[in-house]
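# Report on the structure
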Amino acid sequence: MEKKITFEVCCASLDGALNAQMGGADRIELNCATDLGGLTPSLGLLTECKAALKIPVLAMVRPRGGGFCYTDNEAKTMYRDAETLLRHGADGIVFGFLKADGTVDSARCKEMLDIIDGSTSVFNRAIDTVPGIFDALDALIESRVKRVLTSGGRQTALEGAQAINAMMKRAAGRLEILAGGGVRTYNIGEVLKLTGCNQIHFSCRKRIADNSTAANPFVRFNASALSENSFYVTDGEGVAEIIKAAKG
């Protein structure tokens, strides 16, 4: 019997989420600021996605880029964001808490898990930066996190496939492993085979032109490395191609 694979797509807009659903996604990880690794989406974005989509929508809760060790005020904001997103229909919360030494902050995880309660809890790729990935996994299992998104401590899931497979064996069903990071049409089959995962996370974006600011090149709003005249949105056809490659 063919193994059922769950395909989760990272999206940062309503257009992108609809494109992902059209392409065959099974669920959405919703965020904003994907160039920073994904931050907390707006309440308006979540509300519109829940109204328009037929598949589950999990919301990222991450107040800034640049690490996962948060101040008390940042943590309070994250808890409030999680409460609000869940109250307005989020099917789960994606989060990550680390201490200054890079290990899992179990105390703050517990605070967040108490808020998430019966909804889906996902620890994000903060786990890929920890000094001991299996110790971190054990801590999350003990905390009763439902799922972990990981590239196995490497830049891509393909590079970390061996570690992801070992994490699955160590978890032994006590926690779900979601493989993600650098998943593309040409490597998704190998990632699934080597990791043994039955769920996969990826983004698939296309560039869209927006020349509304081109009349005055002396004013910029984006960081210097980012284009002022374009943005990215999830590519539904690309999502379909990745899923087809996985099934093929």
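For the structure itself, consult the block above.
The text that follows walks through the structure, step by step, so that each part is easy to find. Fair warning: this is a prediction, and the values are worked out from it, not measured in the lab. (Residues numbered from 1 in each chain as written. Predicted model: local features only at pLDDT ≥ 70, side-chain atom pairs only at ≥ 80, totals over all residues. Heavy atoms only, no water.)

### Some thoughts on the overall build of the chain
Of regular secondary structure, the chain possesses eight helices and 10 strands. Scaling as 2.2 N^0.38, a compact globule of 248 residues should have a C-alpha radius of gyration of about 18 Å, and the chain matches this with 18 Å. When its C-alpha atoms are laid out on the principal axes, the chain stretches across 55 × 50 × 35 Å. Split into buried and exposed, the 248 residues of the chain put 46% on the buried side. Considering only contacts in the chain between residues 6 or more positions apart, those separated by 24 or more positions represent 65%. Summed over its atoms, the accessible surface of the chain is roughly 12400 Å², and 50% of this surface lies on carbon and sulfur atoms. Positive and negative side-chain charges in the chain, numbering 29 and 29 respectively, have mean positions lying 3 Å apart. (Helix = DSSP H or I, 4+ residues; strand = E, 2+ residues; numbered from the N terminus. Rg over C-alpha atoms; globule rule 2.2 N^0.38 Å. Buried < 20%, exposed > 50% of the residue type's maximum accessible area, 1.4 Å probe, protein only. Contact = heavy atoms within 4.5 Å. Areas by Shrake-Rupley, 256 points an atom, 1.4 Å probe, with all protein chains shown as cover. Lys, Arg positive; Asp, Glu negative; His and termini not counted. Charge placed at Lys NZ, Arg CZ, Asp CG, Glu CD.)

### Focus on the environment of R220
Among the secondary structure elements, R220 is positioned in the loop between β9 (205–209) and β10 (230–234). Classification of R220 as partly exposed rests on a relative accessible area of 44%. With 181 residues separating them along the chain, R220 and L39 place their C-alpha atoms 22 Å apart.

### With respect to the pattern of salt bridges
Across all of its chains, the model carries 12 salt bridges by this definition. A salt bridge links E74 to R64, with the shortest nitrogen-to-oxygen separation between them at 2.7 Å. Here E74, found in helix α3 (residues 72–87), pairs with R64, found in the loop between β3 (57–60) and α3; they are 10 residues apart in sequence, far enough to count as distant. R64 gets classed as partly exposed once you look at its relative accessible area, which sits at 23%. Each of the salt bridges in this network shares a partner with another, and the network as a whole consists of K146, R147 and E176. (Salt bridge = Lys/Arg side-chain N within 4 Å of Asp/Glu carboxyl O.)

### Some words on the packing of helix α5 (residues 133–143) against helix α6 (residues 161–171)
Where α5 contacts α6, the axes come no closer than 11 Å and their chain directions differ by 35°. Relative to α6, α5 is oriented so that their crossing is right-handed. For the pair α5 and α6, the contacting residues are I133, F134, L137, D138 and I141 in the first and A163, A166, M167, R170 and A171 in the second. Broken down by class, the residue content of the contact of α5 with α6 amounts to eight nonpolar, no polar and two charged. (Axes fitted to C-alpha atoms, helices over the stretch in contact; angles between N-to-C directions. Left-handed = near helix turned anticlockwise from the far one by under 90°. Nonpolar A, V, L, I, M, F, W, Y, C, P; charged D, E, K, R; others polar.)

### What to know about the nonpolar core
I28, I93, F95, M112, F123, I200 and F202 are the most contacted members of the largest nonpolar core, which totals 65 residues. Once you skip the residues sitting within four places of it in the chain, I200 turns out to touch I5, T6, F7, E8, L178, A179, V183, I188, V191 and L192. Counting six residues, the second largest nonpolar core, distinct from the first, contains V94, V122, L149 and L178. (Core = buried A, V, L, I, M, F, W, Y, C linked by side-chain atoms within 4.5 Å.)

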